[in-house]
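# Structure at a glance
Chain residues, written in single-letter form:
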Amino acid sequence: MALVWADGGYTGSLVEYCLAALALVLAIVKRSDDMRGFVVLPKRWIVERFFAHLMRSRRLVRDFERSTGSAEAVVYWSATMLMTRRLAQPRPSRV
């Protein structure tokens, strides 16, 4: 992973910290000041869609995990279920 998108609330020293300590480029997706109401921001829908897929797993709906290791394992399990469902879908033949 080399690029991470973050919400406008993560501006500040986190951008420099990610680059220096983690060797990651943190790109901030900002809202312009003239926008009113709900506006779909670029790249934000990708993260929101992934969170929606994770919330289909019942254990991830609430914060029941006591350790970060077990919470991480449940996220991996949920992402694995999502990937296997997508891989198992028959693809339309190209004729």
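These notes cover the structure that comes with them. (Residues numbered from 1 in each chain as written. Predicted model: local features only at pLDDT ≥ 70, side-chain atom pairs only at ≥ 80, totals over all residues. Heavy atoms only, no water.)

As a further point, take the overall build of the protein chain. Within the protein chain, the regular secondary structure consists of four helices and two strands. Ordered by position in the sequence, the α and β elements of the protein chain form the string β-α-β-α-α-α. Against the compact-globule benchmark of 12 Å for 95 residues, the protein chain has a radius of gyration of 17 Å, which places it well outside the compact range. For the protein chain, the residues scored as buried account for 15% of the 95 residues in total. Counting 15 positive and 8 negative side-chain charges, the protein chain places the averaged centre of each group 12 Å from the other. (Helix = DSSP H or I, 4+ residues; strand = E, 2+ residues; numbered from the N terminus. Rg over C-alpha atoms; globule rule 2.2 N^0.38 Å. Buried < 20%, exposed > 50% of the residue type's maximum accessible area, 1.4 Å probe, protein only. Lys, Arg positive; Asp, Glu negative; His and termini not counted. Charge placed at Lys NZ, Arg CZ, Asp CG, Glu CD.)

This part takes up the side chain of Ser78. Tracing the backbone shows Ser78 in helix H4 (residues 68-88). A relative accessible area of 5% means that Ser78 is categorised as buried. When sequence neighbours within four positions are dropped, the list of residues in contact with Ser78 reads His53, Leu54, Ser57 and Leu60. (Contact = heavy atoms within 4.5 Å.)

The calculated volume of the largest pocket comes to roughly 320 Å³. Only strand E1 (3-7), helix H2 (44-54) and H4 provide two or more residues apiece to the lining of the largest pocket. Looking at the lining of the largest pocket element by element, the count peaks at five residues for H2. Looking at the lining of the largest pocket, its residues break down into eight nonpolar, one polar and two charged. Taken as a whole, the second largest pocket holds about 190 Å³ of empty space. For the second largest pocket, the full set of lining residues is Val4, Trp5, Ala6, Asp7, Tyr10, Val29, Lys43, Arg44, Val47, Glu48 and Phe51. Those elements that place two or more of their residues in the lining of the second largest pocket are E1 and H2. Here the lining of the second largest pocket is built from residues that sort into seven nonpolar, no polar and four charged. (1 Å grid on protein atoms, 1.4 Å probe; cavity = no way out; pocket = protein on both sides within 12 Å on 5 of 7 lines; lining within 4 Å. Points joined across faces, edges and corners; volume = space filled by probe spheres on them. Nonpolar A, V, L, I, M, F, W, Y, C, P; charged D, E, K, R; others polar.)

Before going further, it helps to examine unusual backbone geometry. Positive phi values are uncommon outside glycine, yet Ala23 reaches one of about 55°. If you trace the backbone, Ala23 turns up in the loop between helix H1 (13-21) and strand E2 (25-29). Judged by its relative accessible area of 57%, Ala23 is exposed.

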